Amino acid sequence: MNILVINGPNLNLLGTREPDTYGRETLEEINQWLESQPEAKGHIFKFFQSNHEGEIIDTIHSDREWAAGIIINPAAFTHYSYAIRDAIAAVGIPTVEVHLSDISKREDFRKHSVIEAVCIGQVMGLGKRSYLEGLKRLLRAGGEV
Ligand code: DQA
């Protein structure tokens, strides 16, 4: 399965960004960890991070023939990007929304996701394991496990 892993704004600073909330691992380390998990074996990953809404949308569009599944941490866009939500709905690729932190237990503005409704699942609060759980949900949905 070809899997597109998208990370939104400020996640390029993981490792030093609010480590008490997001941990001390860099995004590169998390990506490598995900790719090295037994569940990832036999699958092809493409990792993309951007601080720009339009670039995330362009990537969803340009990889729409390639990707069989998307794991997305939309970061702050989670809470207000109808454009990313529409892009996911437009391409119709099974998508799982993931978060390092538990957004349901944080500030009120983080509790609501405008992306969730167009995803096959939402995983939060497990740190980097949220990405692995997201992968498992995609594989399950694709009938691969
Ligand atoms: C986040 C949660 C968002 O509210 C926040 O804006 C982020 C990261 C998470 O992974 O916990 O940038 O998506």
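The preceding data block contains the structure.
Parameters at a glance
- Residues numbered from 1 in each chain as written.
- Predicted model: local features only at pLDDT ≥ 70, side-chain atom pairs only at ≥ 80, totals over all residues.
- Heavy atoms only, no water.
- Pairing = 2+ DSSP bridges.
- Helix = DSSP H or I, 4+ residues; strand = E, 2+ residues; numbered from the N terminus.
- Axes fitted to C-alpha atoms, helices over the stretch in contact; angles between N-to-C directions.
- Phe/Tyr/Trp six-rings, centres within 6.5 Å; stacked < 30°, edge-to-face > 60°.
- Buried < 20%, exposed > 50% of the residue type's maximum accessible area, 1.4 Å probe, protein only.
- Lys NZ or Arg CZ within 6 Å of the ring centre and 35° of its normal.

Side note on the sheet that holds strand 4 (residues 95-99)
Read across the sheet, five strands follow the order 2-1-3-4-5 without closing on themselves; strand pairing throughout is parallel. Only two strands of the sheet have a single partner each, and these edge strands are strand 2 (44-49) and strand 5 (121-124). For this sheet the average axis-to-axis angle between neighbouring strands, irrespective of direction, equals 20°. Pairing geometry for strand 3 (residues 69-73) and strand 4, over three bridges, is parallel.

Section: the packing of aromatic side chains
Counted according to the given criterion, the structure contains two aromatic pairs. Ring centres of Phe77 and Tyr80 lie 5.8 Å apart, and the angle between their planes is 70°; on these two criteria the pair is classed as edge-to-face. Note on Phe77: relative accessible area 6%, which makes it buried. Positioned over the ring face of Trp66 is Lys46, at 4.5 Å from the centre of the ring.

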